[in-house]
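Each chain, written out:
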Protein chains: 2
Amino acid sequence: MTGSAPSPGSLFLQSALAAEGHGLPAAEFDAWFAGRQRAHRFKLEQIPFADLKKWSFHPESGNLVHDSGRFFSIEGLRVRTNWGKVPEWEQPIIVQPEIGILGFITKRFGGILHFLVQAKMEPGNIDMIQLAPTLQATRSNFTCVHQGRKPPYLEYFLDRSGSRVLVDVLQSEQGARFLRKRNRNIMIETDEEVPVGDDYVWMTLGQLLRLLRRDNVVNMDARTVLSCITYALDGGEPPVATTGGQFGQALWRSFQAVGRGLRSNEEVLSWFTQQKFAFDLDAGRIPLQTVRGWERTDMEIRHETGRYFSVMACAVEADNREVPSWTQPMVKAQQQGLIAFVVREFDGVLHFLVQAKVEPGNFDVVEMAPTVQCITGSYHDADPALLPPFVPYVLSAQPESILFDALQSEEGGRFFREENRNLIVAAGPDFPDDIPSNYIWMTAGQLNEFIKFNNFVNVQARSLLSTLSFAEPDRS
Amino acid sequence: MTGSAPSPGSLFLQSALAAEGHGLPAAEFDAWFAGRQRAHRFKLEQIPFADLKKWSFHPESGNLVHDSGRFFSIEGLRVRTNWGKVPEWEQPIIVQPEIGILGFITKRFGGILHFLVQAKMEPGNIDMIQLAPTLQATRSNFTCVHQGRKPPYLEYFLDRSGSRVLVDVLQSEQGARFLRKRNRNIMIETDEEVPVGDDYVWMTLGQLLRLLRRDNVVNMDARTVLSCITYALDGGEPPVATTGGQFGQALWRSFQAVGRGLRSNEEVLSWFTQQKFAFDLDAGRIPLQTVRGWERTDMEIRHETGRYFSVMACAVEADNREVPSWTQPMVKAQQQGLIAFVVREFDGVLHFLVQAKVEPGNFDVVEMAPTVQCITGSYHDADPALLPPFVPYVLSAQPESILFDALQSEEGGRFFREENRNLIVAAGPDFPDDIPSNYIWMTAGQLNEFIKFNNFVNVQARSLLSTLSFAEPDRS
């Protein structure tokens, strides 16, 4: 690749503004997607744990493990923390120490960057198929522990000599469900000919962003990689005009505010250091069968209150995966979740209210999370004073303050039909000026900058940020 | 503080160029320092483990622990890794989960930033007293687990309302000795009156940098905080002229090369992600008494070969610490260490050859380390082909290629009279163009930039970088 190539920021901006692409006219997407659904045969069935093949409860620990010792396991976790209202608890946790690859191949057609998107079946997906990155593979996958086929396009990511790396960073996943899980989020740009398989299609970022306004079309793995995109232009580059509405314009300016905001990047770093200094997290693995408050039946492991989540077993049949049928444990949410950013302008620049949140599986105590990230089911009958901060504000927002609202799925390889409501809410004049000390206002550009480095911004915040388009008309 | 204050980069640069300060004429330093040595009574004695007070070996694990469960403990560690030549080993490790504070109070006198430096006794120090940050305290210290006095100046760091934060970041310590230890490295600038205690003095960065050319005067805690200084000027600021020699000038330009170098910051991040992806580190705590290859006598815990390090017990008397006498375990190195950067100009900008190094106590698998960081004692009789990369090159460097050479101490609160040779070696025309894949060339400005974030640059690399002055004449 030549040194005179446009900056990644410029490439991403132009692609985000392109509502049509080289691969598939936007109007034909629905037909193509329905065709991919019809082209394959999928079957999913909940089974008793006893019918799991190659998975079993370890005789001593009771941990749910694969015979190979690979893939992942369900173990117990004892948590102690001075963050939040619950100082100590125990829970099941997914342990998956291997770093996987989530990768997009990108290529310019007519100067516009396109992403090679996969229509991918995952057993836990709502409607089975969602749009995924070009490659989505754990190390156990691509070293073929399952003795199946190698995932397509793997070689583009292992040998990157013919391509330019646009994004390449480790990112965390759900700290409430996974113990210190990270994946390598990678995006490469190639000039080479890339064969396009039946389940793959080239799309612009604009096409993807439009589909992100729909419920449960673009999967979590795609969203986390897209969240690593930096839209900031190099100083010397000509400005790019956005086509969006008022929110789109504000978002656009916020993405360009990289090193500045209400608080400087140095102040944000100092605030974040203070959070890590103030909050303790002691999370230790314990045998699954000793976890207090949880019970195991033939069909599930569940909390005695029926809340939070359960662990279940599934049998899967699929004709387009590395192996045609398998069984595996899955995690099923018992309550709906809410993920929301409150946004507000300061000095004409849109800011996001970011929360420093402790979750038991976090790699380093706290990560930057959305303003609200919680299970809402538990709160329907709760005293508002006992709710996490800003939950009542977000849930009572008037329609004209809601700038984005969509249901987005969690990862269908581990989670059974789990979706969370993703919201962007504009702060009204009634929004408090004083915020708790573990909250801070940041621009989209500042969030972009911290996403570049490991373990700063959590998957919920990244995912929500990745869904926002500055090219579309406003909701109203 | 006003918004029109000079940038931290400009303040640090001006201070680094100031060979004289407001507090103490440079020529009087030696007399003052000797006076501090004489003013206090110190005594250190190795004792049998059985004579430790409030410390004991846990009856089941054999871990060496304090009765309070606080301060630190010596435990066992089992390590498995695919990095380097030894795939598996066990060793004692210092476990200190509390985050401590290492902090400098700074203040401008005549426009020049001065640092409030402490002449501090630590039991393991060579010559007992070294120059330290204003505050150096573990949480057990400042919450007074030892039932002694509160450390002086603590309140300036806990309530920072009257001051500007110049540096505030968690930084790692020795990954071969500590399990995931981090300290909060902090530097505040105040306008307030600050009382100066007998053991304290205001010094410019220029005075400190000159003392860093001497052996074992400035302690490790001071060096790690100083390493967090960013010298880069804001784009709009007038240039500042350096007074140094040829190496000083080159170093100066290298510190200003923040976002650019032979490899862009994005390329460095991608390289670092690849290292974390390629290398596994599985380090699990085990009972100290089960550690294979190590033996415990009445006086020490040592490796059966006599190599690496030993754990011993000491009795300490001091009249100027929070408590007047105590006993504690200490770690004693058995061999001399070597810490060296090879440097080379690319496109007229000085670059440092950085190594991605796995150490068992690392927080996140690898950190950026100096070109060479090893125990040299083990290699005196070794086949050069078996040595770590670049060790023979660095050890055989001609005097004219050696740009910096000093002995620097490790932390005297845990380590018994441990010093390492710190070297900067200019690469000659014979230096290989091809470097192993876990090495990369970076500018000083790029290293500065990564130091801003957690867990990128290890303490040895930071420490060596902090000792380099662009204001002094060249060595020759």
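Residues numbered from 1 in each chain as written. Chains lettered and ligands numbered in written order. Predicted model: local features only at pLDDT ≥ 70, side-chain atom pairs only at ≥ 80, totals over all residues. Heavy atoms only, no water.

1. What to know about the overall build of chain A
Defined as follows: Secondary structure elements follow DSSP: runs of H or I of four or more residues count as helices, runs of E of two or more count as strands, with numbering from the N terminus. Note on method: radius of gyration uses C-alpha positions; expected globular size equals 2.2 Å times residues raised to 0.38. Partly exposed residues are those whose accessible area sits between 20% and 50% of the maximum for their type, while under 20% is buried and over 50% is exposed, using a 1.4 Å probe and protein chains only. For this analysis, residues touch if any pair of their heavy atoms sits within 4.5 Å. Note on areas: Shrake-Rupley with a 1.4 Å probe; residue coverage comes only from the protein chains shown. Residues counted as positive are Lys and Arg, residues counted as negative are Asp and Glu, and His and the chain ends are not counted. Where a charge sits is defined by one atom per residue type, namely NZ (Lys), CZ (Arg), CG (Asp) or CD (Glu).
Scanning chain A from terminus to terminus reveals 11 helices and 24 strands. Compactness check: chain A gives a C-alpha radius of gyration of 22 Å against a globular reference of 23 Å for 476 residues, within 12% of the reference. Taking the principal axes of the C-alpha coordinates as reference, chain A spans close to 65 × 55 × 35 Å. Burial analysis of chain A (476 residues in total) assigns 62% to the buried set. Within chain A, residue pairs in contact and separated by at least 24 positions form 75% of the contacts whose partners lie at least 6 positions apart. Working note: accessible area of chain A is about 18,200 Å², and carbon and sulfur atoms make up 49% of it. In chain A, 46 positive and 57 negative side-chain charges are present, and the distance between their average locations comes to 3 Å.

2. Examining the pattern of salt bridges
All names here are of chain A. Defined as follows: Salt bridges are counted wherever a side-chain nitrogen of Lys or Arg sits within 4 Å of a carboxyl oxygen of Asp or Glu.
A full pass over the atoms with the stated rule returns 47 salt bridges over all chains. Residue R41 is joined to E317 by a salt bridge in which the shortest nitrogen-to-oxygen separation is 3.3 Å. Taken together, the residues span a long stretch of sequence, with R41 in the loop between helix 2 (29-39) and strand 1 (42-47) and E317 in strand 16 (residues 309-318) at a distance of 276 residues. In this structure, K43 engages E317 in a salt bridge whose closest nitrogen and oxygen atoms are separated by 4.0 Å. Pair noted here: K43 is in strand 1 and E317 is in strand 16, with a separation of 274 residues, a long-range link. Counted as one network, the salt bridges with shared partners bring together R41, K43 and E317.

3. Observations concerning unusual backbone geometry
Located in the positive-phi region is Y308 of chain A, a residue other than glycine, with phi close to 65 degrees. Examined against the element boundaries, Y308 of chain A turns out to sit in the loop between strand 15 (300-303) and strand 16. Positive phi outside glycine occurs at V365 of chain B, with the angle close to 65 degrees. Of note, V365 of chain B is situated in the loop between strand 19 (349-358) and strand 20 (366-369). On the basis of relative accessibility, which here comes to 15%, the residue V365 of chain B falls in the buried class.

4. Describing the packing of aromatic side chains
This is how it is decided: Stacked, tilted and edge-to-face are the three classes assigned to paired rings of Phe, Tyr and Trp, where Trp is represented by its six-membered ring and a pair needs centres within 6.5 Å; plane angles under 30 degrees give stacked, over 60 edge-to-face, the rest tilted.
A full pass over the atoms with the stated rule returns 53 aromatic pairs over all chains. Look at F453 of chain A and F450 of chain B: their rings are 6.0 Å apart centre to centre, the planes differ by 70 degrees, and that puts the pair in the edge-to-face class. Placement of F453 of chain A in the loop between helix 10 (444-451) and helix 11 (459-466) and of F450 of chain B in helix 10 (residues 444-451) is noted, with the two residues assigned to different chains. For F450 of chain B, a relative accessible area of 2% gives the class buried.

5. As for the interface of chain A and chain B
The cut-off we apply is this: As a working definition, buried area equals the accessible area (1.4 Å probe) given up by two parts on being put together, with both sides summed.
At the interface, 29 residues of chain A touch 29 residues of chain B. Surface buried jointly by chain A and chain B totals about 2,600 Å² across both partners, of which 53% is contributed by carbon and sulfur atoms. When the buried area of chain A at its contact with chain B is split by residue, T273, F277 and F453 of chain A rank highest and sum to 26% of it. Counting every contact that joins chain A to chain B gives 4 salt bridges. Residue R182 of chain B pairs with D364 of chain A through a salt bridge whose shortest N-O separation is 2.6 Å.

6. A few points about the confidence of the model for chain A
Residue and element names in this part refer to chain A. The test is simple: Confidence of the prediction at every residue is given by pLDDT, a number between 0 and 100.
When pLDDT is averaged across chain A, the result is 91; 95% of the residues are at 70 or more. The spread of mean pLDDT over the elements of chain A runs between helix 3 (residues 139-142), the lowest at 75, and strand 24 (residues 439-443), the highest at 98. Both scores are available for the predicted complex, with the pTM at 0.93 and the ipTM at 0.90.

7. Some thoughts on the pairing of strand 4 (residues 73-81) of chain B
Residue and element names in this part refer to chain B. Convention followed: At least two bridges found by DSSP between two strands is the condition for calling them paired.
Within strand 4, 7 of the 9 residues are buried, leaving the element largely enclosed by the surrounding structure. Two elements, strand 4 and strand 5 (residues 88-95), share 8 bridges in a ladder whose sense is antiparallel. Each residue of the ladder has a partner; that of V79, found in strand 5, is W89. A loop of 6 residues connects strand 4 with strand 5, the two strands running antiparallel in sequence, and G84 in this loop sits at a positive phi of about 75 degrees. Pairing geometry for strand 4 and strand 13 (residues 281-286), over 6 bridges, is antiparallel. The residue bridging T81 from the neighbouring strand is L281, located in strand 13.

8. Quick word on helix 8 (residues 265-278) of chain B
All names here are of chain B. Formally: By definition here, a helix of n residues has an expected span of 1.5 Å times n minus one.
The terminal C-alpha atoms of helix 8, which comprises 14 residues, lie 20 Å apart, in line with the 20 Å expected from a rise of 1.5 Å per residue. In terms of residue burial, helix 8 counts as a mostly covered element, since 10 of its 14 residues are buried. Looking only at helix 8, the buried set comprises N265, V268, L269, S270, W271, F272, T273, Q275, K276 and F277.

9. A word on the relation of the copies chain A and chain B
Quick reminder of the rule: Least-squares fitting of one copy onto the other uses the C-alpha atoms of those residues that reach a pLDDT of at least 70 in both copies.
When chain A is fitted to chain B, the residual RMSD is 0.0 Å, and the transformation amounts to a turn of 180 degrees plus an axial shift of 0.0 Å. Both copies of the chain, as the preceding transformation shows, are related through a two-fold rotation axis. Relative to the rotation axis, the C-alpha of F453 of chain A is the closest in chain A, positioned 3.9 Å from it. Same-surface contact between copies: 100% of interface residues of chain A are shared with the interface of chain B.

10. What to know about helix 10 of chain B
With respect to burial, helix 10 of chain B is a largely interior element, 8 of its 8 residues being buried. When helix 10 of chain B is considered as a whole, its buried residues turn out to be A444, G445, Q446, L447, N448, E449, F450 and I451 of chain B.

11. Let's talk about the pairing of strand 10 (residues 163-172) of chain A
Moving residue by residue along a regular strand, the side chains alternate between the two faces of the sheet. Residue and element names in this part refer to chain A. Most of strand 10 sits out of view: 9 of its 10 residues are buried. With 9 bridges joining them, strand 10 and strand 11 (residues 182-190) adopt antiparallel strand pairing. The residue of strand 11 that forms the bridge with S172 is R182.

12. Digging into the domain arrangement of chain A
Residue and element names in this part refer to chain A. The cut-off we apply is this: Those domain boundaries reflect an automatic or database domain assignment.
Entries for chain A in the domain assignment read domain 1 (8-41 + 97-242) and domain 2 (247-281 + 334-465). Centre-to-centre, using C-alpha coordinates, domain 1 lies 24 Å away from domain 2. With 43 residues of domain 1 at the interface, the matching set in domain 2 holds 38 residues. For the pair domain 1 and domain 2, the two sides together bury roughly 3,700 Å², of which 49% comes from carbon and sulfur.

13. Brief notes about empty space enclosed by the protein
Condition: The pocket and cavity definitions rest on a 1 Å grid over protein atoms only: a 1.4 Å probe that fits but cannot leave marks a cavity, an open set with protein on both sides within 12 Å along at least five of seven lines marks a pocket, and residues lining either have an atom within 4 Å of a point. Grid points are joined across faces, edges and corners, and a volume is the space filled by probe spheres set on the points. Under the scheme applied here, ten amino acids are nonpolar (Ala, Val, Leu, Ile, Met, Phe, Trp, Tyr, Cys and Pro), four are charged (Asp, Glu, Lys and Arg), and all others, including Gly, are polar.
Enumeration according to the criterion identifies 10 cavities of 30 Å³ or more in this entry. Of the pockets and cavities examined, the largest cavity occupies roughly 130 Å³. Lining the largest cavity we find K276, F363, D364, N454, N455 and F456 of chain A together with K276, F363, D364, N454, N455 and F456 of chain B. Counted by class, the lining of the largest cavity contains 4 nonpolar, 4 polar and 4 charged residues.

14. What about the side chain of N448 of chain B?
Residues and elements named next belong to chain B. Mapped onto the elements of the fold, N448 is located in helix 10. Since its relative accessible area comes to 4%, N448 is described here as buried. Setting aside its immediate chain neighbours within four residues, N448 contacts S227, I229, T230, Y231, F255 and L465.

15. Points about the nonpolar core
How we decide: In plain words, nonpolar cores are sets of buried Ala, Val, Leu, Ile, Met, Phe, Trp, Tyr and Cys residues tied together by side-chain atoms within 4.5 Å.
Counting residues in hydrophobic clusters, the biggest one holds 174 residues, and the most contacted among them are F115, L131 and F352 of chain A together with F115, L131 and F352 of chain B. Within the second largest apolar cluster, 22 residues are counted, among which are F49, F72, L288 and V331 of chain B.

16. Describing the environment of N454 of chain B
If you trace the backbone, N454 of chain B turns up in the loop between helix 10 and helix 11 (459-466). With 232 residues separating them in the primary sequence, N454 of chain B and A222 of chain B have C-alpha atoms 18 Å apart.

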